[in-house]
Amino acid sequence: MTQSVSIDSDPYLLTPGPLTTSLSVKQAMLHDYGSRDTRFIDINQRVLDRLVDIIAGRDSHVCVPLQGSGTFVVEAMLSNFVPKDGRLLILINGAYGTRMVTICDYHNIPHDNLSWREHEPIDPAMVDEYLSKNPLITHVAVVHCETTTGIKNPLEEISAVVARHQRRLLIDSMSAFGALPLEVGRVTFDAVVASSNKCLEGVPGMGFCLAEKHALEGTEGNSDSLCFDLYAQHRAMESNGQWRFTPPTHCILAFDQALTEFEAEGGVKGRGGRYQHNCDLLTSGMRAMGFETLLPDSLQAPIIVTFVMPADPNFIFQSFYDGLAERGYVIYPGKLTEVDSFRMGCIGRLDETHMRGAITAVTEVLATMGVTSGAPSQ
Ligand SMILES: *Cc1c(COP(=O)(O)O)cnc(C)c1O
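Residues numbered from 1 in each chain as written. Predicted model: local features only at pLDDT ≥ 70, side-chain atom pairs only at ≥ 80, totals over all residues. Heavy atoms only, no water.

Caption draft 1: Local environment of the site of the ligand. Residues in contact with the ligand, as listed here, are Ser69, Gly70, Thr71, Tyr96, Arg99, Val143, Cys145, Thr147, Asp172, Met174, Ser175 and Lys198. Asp172 places a polar side-chain atom, nitrogen or oxygen, 2.6 Å from a nitrogen atom of the ligand. Within the complex, the protein chains bury 85% of what would otherwise be the 380 Å² of accessible surface of the ligand. Where the shell around the ligand is concerned, the elements lending two or more residues are helix 3 (70-81) and helix 4 (95-107). When the residues that make up the shell around the ligand are grouped by side-chain class, the tally is four nonpolar, five polar and three charged. (Near = heavy atom within 4 Å. Polar contact = N/O pair within 3.5 Å; in protein donor to acceptor, adjacent residues only side chain to side chain. Areas by Shrake-Rupley, 256 points an atom, 1.4 Å probe, with all protein chains shown as cover. Helix = DSSP H or I, 4+ residues; strand = E, 2+ residues; numbered from the N terminus. Nonpolar A, V, L, I, M, F, W, Y, C, P; charged D, E, K, R; others polar.)

Caption draft 2: Quick peek at the sheet that holds strand 13 (residues 332-333). The strand order across the open sheet formed by three strands is 11-14-13, and the pairing between neighbours is antiparallel. The sheet is open, and its two borders are formed by strand 11 (304-308) and strand 13, each paired with just one other strand. Of the pairings in the sheet, the one linking strand 11 to strand 14 (residues 341-345) comprises five bridges and is antiparallel in character. Looking at strand 14, one finds that Val308 is bridged to Ser341. (Pairing = 2+ DSSP bridges.)

Caption draft 3: Spotlight on the side chain of Ser159. With respect to the helices, strands and loops of the structure, Ser159 is situated in helix 6 (residues 155-164). Once residues lying within four places of it in the same chain are set aside, the contact partners of Ser159 are Leu169, Arg186, Val187 and Thr188. (Contact = heavy atoms within 4.5 Å.)

Caption draft 4: Geometry of the domain arrangement of the protein chain. For the protein chain, the domain assignment lists domain 1 (7-19 + 267-369) and domain 2 (23-264). In this complex, domain 1 contributes 30 residues to the contact, which on the side of domain 2 involves 31 residues. For the pair domain 1 and domain 2, the summed buried surface comes to about 2,500 Å²; carbon and sulfur atoms form 58% of the total. On the domain 1 side of the interface with domain 2, the three residues burying the most area are Val268, Arg271 and Lys335, jointly 23% of the side's total. Residue Glu201 pairs with Arg349 through a salt bridge whose shortest N-O separation is 2.9 Å. Here domain 1 and domain 2 share 11 residue pairs in polar contact (both at pLDDT 80 or more) between them. If you list the elements that add at least two residues to the side of domain 1 that touches domain 2, you get helix 10 (267-288) and strand 11. Ranked by residues supplied to the side of domain 1 that touches domain 2, first place goes to helix 10 with six residues. Among the residues making up the side of domain 1 that touches domain 2, the classes are represented as 16 nonpolar, eight polar and six charged. (Domains from an automatic or database assignment. Buried area = accessible area lost by both parts, 1.4 Å probe. Salt bridge = Lys/Arg side-chain N within 4 Å of Asp/Glu carboxyl O.)

Caption draft 5: Structural detail: the packing of helix 5 (residues 124-133) against helix 6. Relative to each other, helix 5 and helix 6 sit at 15°, their axes nearing to 9 Å. On the basis of the axis angle, helix 5 is roughly parallel to helix 6. The handedness of the crossing between helix 5 and helix 6 is right-handed. Here Pro124, Val127, Asp128 and Leu131 of helix 5 lie close against helix 6, whose contacting residues are Glu157, Ile158, Val161, Val162 and Arg164. The class makeup of the residues in the contact of helix 5 with helix 6 is six nonpolar, no polar and three charged. (Axes fitted to C-alpha atoms, helices over the stretch in contact; angles between N-to-C directions. Parallel < 35°, antiparallel > 145°, perpendicular 65-115°, else oblique. Left-handed = near helix turned anticlockwise from the far one by under 90°.)

Caption draft 6: Expanded view of unusual backbone geometry. A cis amide bond links Gly17 to the next residue, Pro18, at an omega of -5°. Here Pro18 is to be found in the loop between strand 1 (12-13) and helix 1 (23-27). One non-glycine residue, Ala56, lies in positive phi territory at about 55°. Residue placement: Ala56 occurs in the loop between helix 2 (38-54) and strand 2 (61-67). Within the chain, Glu201 stands out as a residue other than glycine whose phi angle is a positive 60°. As for its position among the elements, Glu201 is in the loop between strand 9 (191-195) and strand 10 (206-212). Looking at Glu201, the relative accessible area reads 5%, which means it is buried. (Buried < 20%, exposed > 50% of the residue type's maximum accessible area, 1.4 Å probe, protein only.)

This is the structure we're talking about:
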């Protein structure tokens with residue numbers, strides 16, 4: 001057997017996922033457990049319990065896992081929790097909000113859209129006004145950190161507005177879960193979804209839905225899909241501890257180890273703290289070279305940072321990207337519709353050493369391109 005790429009040569013992923021994971025998380029996958037193996041069933045249950053603990057929801061919420069990438073479980077949430085006679089209000093300030101619209105179109109879920117510019121946070125006062133005028137809305141969907149720009153939406157305020165109007169909140173916390181606080185008691189919601197491979201630093205392969213117990217009970221029969229039926233997945237797991245269809249066993253073993261490391265780091269506080277430090281080093285290092293962030297620091301989540309494209313005609317994004325990749329750092333093109341930009345992530349198993357390394361690499365690549373400043377045009 002040959003190993004074509006040694007672990008040492010893997011790049012550092014300054015992206016929104018998949019992310020750099022620890023060696024111990026990767027090593028946890030070196031087992032072939034059958035789906036009915038009691039060792040696997042026990043680990044699976046432990047993973048679900050730990051995920052519920054992150055939101056302090058043991059008394060009120062359950063965790064329903066689902067095979068696939070994060071979008072699979074967003075689709076499952078929207079298509080299960082909004083009943084046939086319901087109507088969803090989608091709050092949009094980026095590509096992941098827009099993706100929820102696409103999901104609703106596929107499933108014929110009646111919905112209204114309320115949109116903001118990509119660099120603007122969702123305004124709870126406008127949500128308040130919209131709900132006052134639109135009594136037919138039963139559910140509201142929001143993205144916690146809009147990964148398009150890295151903007152942090154005011155989740156607690158939005159949740160308070162939705163609860164005051166007695167509507168139900170559905171949250172995509174994919175890129176924030178585990179790094180930004182989200183706890184039952186501070187935020188009221190029917191369901192929140194996230195995945196194994198973002199701030200919890202597992203490997204890709206599964207998403208999960210943390211659902212309020214009564215709300216989940218109420219979804220029985222709502223699903224228009226066999227695979228995405230969260231209620232059925234939950235019932236099956238309650239009865240025999242097993243997933244309905246082949247579980248991503250290796251992913252779950254890795255996730256269990258990732259959660260051990262998450263807890264050892266001090267949970268949301270510790271994880272979020274490291275990411276904030278990473279984010280601060282990244283933005284200050286880039287600003288020192290003239291780059292400008294799209295967002296002011298007050299709106300920036302410590303997840304992924306959007307930089308406005310420099311004005312220097314010598315700056316060619318593809319060369320910049322390639323130069324950084326050669327030096328072991330993979331970044332991300334922009335996803336904005338309005339502003340020409342690129343993004344650098346600060347999540348995953350990365351710390352200040354890697355952030356300093358990335359800044360050094362940017363300095364070197366700018367020099368090879370003959371770019372003297374990262375400043376955008378005014
Ligand atoms: C990453 C992400 C998703 C899911 O993306 P996948 O590529 O399907 O894993 C959904 N919403 C947000 C906000 C994300 O950051």
